[in-house]
Amino acid sequence: MSDRKNMNQTMCLFDVGHTFSFTYGFCGFQSPNRPLKQLEKKEELLTKSRLFAESESKKFHEFISTEVIILSNEQTSLFEMNQCLTASQRHKSVRSEIVSARKIIDAHLNSNTTKYEWTDEWVSDLKQYSEVRLSQNCISVETLLCFWNVWKENIVNIFEFLELDETTQDVKDYSNYEEFCFNYFGLRRQEFTSAARSYWSSELLSVGIQVLENLEVLYNYSTWKPLSLFCQTKLLIHMFEIAEFLLELEYLDRRYNAVKTLQKFLDISTQQFCLKVFPLDLKKSSTESMVSLRETELSRNLLKRVISSRISMKNELSYGEIGKVASWILGTGKLTAELYEKIAERFAGNPLWQAFIDNRIGSIGSGFPQGSVPINESQKHVSLVLRLNGALKDTFNVYREQKDYISPGYFIYLVDQLLILVTSVQGYCFTTKSSFVEWLIFHEWKSYPNPGLVANCLFALGATLDFIAHTAQDLLYMHQVTVQWIRNSNINMKEYYPLLVLRLVIMICLICVNVKQAKYFDMLFRLLGRGDITSQLPRGFCDVLQRRRGKQNRFTINENVLAEALRKADDPPVIVKFQRNSSQMSCADAIFVDMTVNRSKEDLLQVLFERNINSSSVELPSNSNASSNLVSGVNQGLKSQNDEVIEGNPQNNYEHFWDFLDALDDDCSATSNFLPNAPRVKVKVETNIRLITSALATFHKNPAEGEDVNL
């Protein structure tokens with residue numbers, strides 16, 4: 001009996017302290033304006049609760065102690081706050097979970113921007129990440145978002161509880177929230193429903209806007225510092241996420257000023273996001289961190305919302321608006337048929353661009369076996385090339401002084417993607433990493449059919465190649481016209497013009513290497529003879545090409561020369577194989593990607609970003625000779641490694657071993673039982689490879705008697 005009495009006393013005192021705390025402290029528990037006597041009275045009640053609980057069970061004592069710490073006005077560290085939050089979740093105490101999460105949020109909001117830590121990786125598990133960071137009393141954008149989500153989800157649960165009919169069975173699932181609301185307002189459900197709905201609507205909106213304002217401050221700091229493009233873009237995505245959530249939440253009180261404020265944050269995030277994902281220098285958005293960010297569901301949803309918003313405009317779409325939407329389509333991946341149809345309807349005023357969108361509608365849902373290209377799929381690819389070419393040609397030929405003409409940045413982005421689409425018809429193509437990353441995003445990291453089985457297809461698309469080459473040449477030769485176009489688009493001339501010149505020259509170089517026709521080599525030769533053009537190019541890039549220009553009567557460049565030049569321009573070369581029966585193209589300094597084998601997105605990312613230089617060739621060991629190739633590959637690798645160890649160059653050993661693993665990876669169908677996932681093996685053995693190759697080389701040089709060196 002005494003135990004029950006003691007328990008009741010504890011709970012009674014605690015509830016008094018709890019109600020007192022909420023009445024005077026929750027909305028502003030750090031407020032300096034509350035009477036000192038009230039603070040002292042609350043602390044006295046909480047202390048008594050903890051003392052009474054000492055005679056109870058260990059579990060109950062822990063529960064009371066946690067609640068007292070949370071409700072107390074004593075300063076606690078972030079680590080301690082998080083420990084209390086975890087304990088609250090373990091004890092299923094809604095009130096303490098809400099208060100502790102709110103305390104952690106306020107700790108973030110009251111911290112200086114310089115106290116925030118920054119990471120260039122997308123954090124998918126916010127909870128785990130935040131526990132680690134708060135254990136060291138560190139804060140970041142990710143930790144703020146984590147506890148905003150915890151607090152927000154509890155408030156949404158309160159709304160859901162308030163919407164339930166008291167007679168339904170579902171009410172039992174929300175019993176903790178009923179108790180919480182009763183303690184909070186000191187009223188029964190019949191009396192507090194309206195007050196609770198109004199209060200929590202206001203509270204959720206208030207805290208949400210404070211978090212958005214904090215993200216805006218952090219974003220401004222990230223651009224002023226400046227931090228990486230990834231950090232800047234990440235903040236915009238989370239700003240969009242929160243603003244959209246609050247605008248669409250049915251429980252919120254939609255006052256005009258609040259909606260206007262939320263719309264402001266939505267506009268900031270969507271407008272700035274497009275500038276970050278489609279920067280003037282495309283290389284910046286094709287880094288591994290930016291690619292991981294762009295592939296998130298949040299990023300895709302943001303871009304889709306931007307597209308939907310743009311096509312919802314009442315006026316006829318200008319060339320500027322059409323160019324943006326077309327670029328966003330290519331930079332997003334496959335959209336829904338419904339959205340494509342809406343876009344096609346809004347493009348009705350421009351038949352050539354509408355035809356391009358119609359092609360995309362016809363491509364949705366098409367399937368084909370890996371490595372095969374049915375004629376109908378080939379024809380769709382050719383149709384895509386021709387329609388995009390027609391739309392771009394029409395756009396380029398219209399009067400550029402018209403209001404809201406397409407910007408050079410978006411125009412060049414579309415021409416760049418047209419180039420990789422047309423050169424891929426030969427079954428392989430030589431391109432840049434930044435261009436290929438955009439291609440992969442558009443095709444959702446899957447092999448895409450090209451018209452390799454259509455006779456003389458590259459010849460038939462010669463007009464498209466001519467359009468790309470002559471467009472690039474015209475923009476380089478017509479300096480004043482190009483400069484005015486840049487200025488009319490409100491783009492920083494000094495910053496962008498050298499980037500534009502480099503991209504245009506690279507386009508012509510890529511045509512030369514992929515097609516190998518004299519007219520394109522002659523065009524490049526003439527361009528490199530003009531000082532007004534070469535002066536805008538990176539010195540290293542230009543020097544590589546100029547050396548080639550000065551040594552031969554007939555100017556040509558091959559894959560190795562262009563690969564070296566592209567390295568100097570910080571946009572690594574990539575050789576992509578699309579067809580098993582494609583012609584040979586080799587380059588020791590290029591990244592090789594075989595799209596005829598089944599590769600996951602993770603595998604492609606490893607190839608593109610974890611190894612900068614690979615020995616590359618599209619001719620690989622055939623399946624029928626897999627076993628002999630495996631042995632000969634080991635023999636050759638060991639022989640080369642032995643020679644190089646003698647010469648004292650272990651770095652070369654390392655690269656030869658990667659070549660061997662590449663061969664296994666690219667012929668994975670025959671060696672699947674031996675090495676089912678070569679890319680992951682590469683990562684795991686990287687730290688030990690030098691030791692392994694040296695040991696193998698020594699073993700090969702002096703094998704033990706009777707031992708087989710071909711292990």
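Residues numbered from 1 in each chain as written. Predicted model: local features only at pLDDT ≥ 70, side-chain atom pairs only at ≥ 80, totals over all residues. Heavy atoms only, no water.

Caption draft 1: Region of interest: the overall build of the chain. Scanning the chain from N- to C-terminus turns up 32 helices and seven strands. For the chain, the share of sequence-separated contacts (at least 6 apart) that also reach a separation of at least 24 residues comes to 71%. In the form shown here, the chain has an accessible surface area of approximately 32300 Å², with 50% of it arising from carbon and sulfur atoms. (Helix = DSSP H or I, 4+ residues; strand = E, 2+ residues; numbered from the N terminus. Contact = heavy atoms within 4.5 Å. Areas by Shrake-Rupley, 256 points an atom, 1.4 Å probe, with all protein chains shown as cover.)

Caption draft 2: Region of interest: the packing of aromatic side chains. Taken as a whole, this structure holds 15 aromatic pairs when the rule is applied. On the basis of an interplanar angle of 50° and a centroid distance of 6.4 Å, the ring pair of Y319 and Y405 is categorised as tilted. Taken together, the residues Y319 in helix α14 (residues 319–330) and Y405 in the loop between α17 (375–397) and α18 (408–423) connect sequence positions 86 residues apart. The class of Y319 is buried, set by a relative accessible area of 15%. A residue is classified by how much of its surface remains accessible, and Y405, at 7% relative accessible area, is buried. Every member of this aromatic cluster is reached through a ring pair, and the members are Y319, F396, Y405, F411 and W485. Over the aromatic face of F278 sits the side chain of R294, whose NZ or CZ is 6.0 Å from the ring centroid. (Phe/Tyr/Trp six-rings, centres within 6.5 Å; stacked < 30°, edge-to-face > 60°. Buried < 20%, exposed > 50% of the residue type's maximum accessible area, 1.4 Å probe, protein only. Lys NZ or Arg CZ within 6 Å of the ring centre and 35° of its normal.)

Caption draft 3: View of the packing of helix α21 (residues 462–477) against helix α23 (residues 493–515). Two elements in contact, α21 and α23, have axes whose closest approach is 10 Å; the angle formed by their N-to-C orientations is 150°. Seen from above, α21 lies across α23 with left-handed handedness. Contacts between α21 and α23 involve L465, I468, A469, A472, Q473, L475 and L476 on the former and, on the latter, Y497, V501, L504, V505, M507, I508, I511 and V515. Tallied by class, residues from the contact of α21 with α23 come to 14 nonpolar, one polar and no charged. (Axes fitted to C-alpha atoms, helices over the stretch in contact; angles between N-to-C directions. Left-handed = near helix turned anticlockwise from the far one by under 90°. Nonpolar A, V, L, I, M, F, W, Y, C, P; charged D, E, K, R; others polar.)

Caption draft 4: Broad picture of the pairing of strand β4 (residues 573–577). Buried residues dominate β4, accounting for five of its five residues. The alternating pattern of β4 places P573, I575 and K577 on one face and V574 and V576 on the opposite face, and all of these are buried. In this structure, strand β3 (residues 428–432) lies alongside β4, joined through five bridges in antiparallel fashion. Looking at the pairing, C429 lines up with V576 of β4. (Pairing = 2+ DSSP bridges.)

Caption draft 5: Structural context of α14. With 12 residues, α14 should reach 16 Å at 1.5 Å per residue; the first-to-last C-alpha distance of 17 Å fits that figure. Every buried residue belonging to α14 is among Y319, G320, E321, I322, G323, V325, A326, S327, W328, I329 and L330, and all of these are buried. (Expected span 1.5 Å × (residues − 1).)

Caption draft 6: Representation of the nonpolar core in the model. Counting 192 residues, the largest nonpolar core has W353 and I557 as its most contacted members. It is α23 that contributes the most residues to this core, 17 residues altogether. Those residues within four positions of I557 in sequence are excluded, and the remaining contacts are C509, C512, V513, F521, L524, L545, R548 and L562. (Core = buried A, V, L, I, M, F, W, Y, C linked by side-chain atoms within 4.5 Å.)

Caption draft 7: Fine view of unusual backbone geometry. In the segment running from K225 into P226, the intervening peptide bond is cis, with an omega of -10°. Looking at the element boundaries, P226 is found in the loop between α9 (189–224) and α10 (229–248). At D404, a residue that is not glycine, the phi angle is positive and equals roughly 55°. Along the chain, the position of D404 falls in the loop between α17 and α18. D404 sits in the partly exposed class, given a relative accessible area of 34%. The backbone of K516 sits at a positive phi, close to 60°, despite the residue not being glycine. As for its position among the elements, K516 is in the loop between α23 and α24 (518–527).

Caption draft 8: Geometry of the packing of helix α4 (residues 78–90) against helix α5 (residues 94–109). Relative orientation of the contacting elements α4 and α5 amounts to 155°, with a least axis distance of 8 Å. Between α4 and α5, the crossing angle belongs to the class labelled roughly antiparallel. As α4 packs across α5, the resulting crossing turns out to be left-handed. Mapping the contact onto sequence places L78, M81, N82, L85, S88 and Q89 in α4 and S96, E97, S100, A101, K103, I104 and A107 in α5. (Parallel < 35°, antiparallel > 145°, perpendicular 65-115°, else oblique.)

Caption draft 9: View of the side chain of E321. Here E321 shows up in helix α14. For E321, the side chain forms a polar contact with the side chain of R310, separated by 3.3 Å. Setting aside chain neighbours within four positions, we find E321 in contact with R310, M313 and D404. (Polar contact = N/O pair within 3.5 Å; in protein donor to acceptor, adjacent residues only side chain to side chain.)

Caption draft 10: Expanded view of the pattern of salt bridges. All chains considered together, the criterion is met by 23 salt bridges. A salt bridge links R305 to E244, with the shortest nitrogen-to-oxygen separation between them at 3.1 Å. With R305 in helix α13 (residues 297–311) and E244 in helix α10, this residue pair connects regions lying 61 residues apart in the sequence. Here the residues in one salt-bridge network are R102, D106 and E203, joined through shared partners. (Salt bridge = Lys/Arg side-chain N within 4 Å of Asp/Glu carboxyl O.)

Caption draft 11: A look at the sheet that holds β4. If you walk across this open sheet you meet the three strands as β3-β4-β6, and the pairing is mixed. Two strands close off the open sheet at either side, each with one partner strand: β3 and β6 (591–594). Going from strand to strand, the sheet's axes swing by 20° on average, the running direction of each strand aside.

Caption draft 12: Just the pairing of β3, in detail. When you tally the buried positions in β3, you get five out of five residues, the bulk of the element. Here β3 shows two buried faces, one formed by Y428, F430 and T432 and the other by C429 and T431.

Caption draft 13: Structural context of the environment of G427. Inspection of the secondary structure assignment puts G427 in the loop between α18 and β3. Under the relative-accessibility criterion, G427 is labelled buried at 0%. G427 sits 149 residues away from V576 along the chain, and the two C-alpha atoms are 8.5 Å apart.

Caption draft 14: Summary view of the side chain of T395. The topology assignment puts T395 in helix α17. A distance of 3.0 Å separates polar atoms of two side chains, one belonging to T395 and the other to W353. What T395 contacts, discounting residues up to four positions off in sequence, is Y319, W353, Y405 and I406.

Caption draft 15: Structural detail: the environment of F555. Inspection of the secondary structure assignment puts F555 in the loop between α26 (539–551) and α27 (559–568). Taking the C-alpha atoms as reference points, F555 and D522, 33 residues apart in sequence, are found 7.1 Å from one another. In contact with F555, other than residues within four places in its own chain, are F521, L524, F525, L528, L545, R548 and R549.

Caption draft 16: Spotlight on helix α6 (residues 126–135). Burial in α6 covers these residues: S130, R133 and L134. Down the axis of α6, the smallest arc covering the buried residues is 90°, so these residues share one side. Where α6 is buried, its residues touch α4, α5, β1 (116–117) and α7 (141–163). (Arc of directions from axis to C-beta.)

Caption draft 17: Up close: the confidence of the model for the chain. Per-residue confidence for the chain gives a mean pLDDT of 78; residues scoring 70 or more make up 70%. The least confident element of the chain, judged by mean pLDDT, is helix α29 (residues 626–646) at 34; the most confident is strand β2 (residues 139–140) at 97. Between residues 23–32, whose pLDDT stays under 50, and residues either more than four places distant or in other chains, the model counts 22 contacts. (pLDDT = per-residue confidence, 0-100.)

Caption draft 18: A look at the environment of S489. Take S489: it is sitting in the loop between α22 (479–488) and α23. Between the C-alpha atom of S489 and that of Y405, which follows or precedes it by 84 residues, the distance is 7.8 Å. Apart from residues no more than four positions distant in its own chain, S489 is found in contact with I406, S407 and P408. Looking at S489, its side chain comes within polar contact range of the main-chain oxygen of W485, at 3.0 Å.

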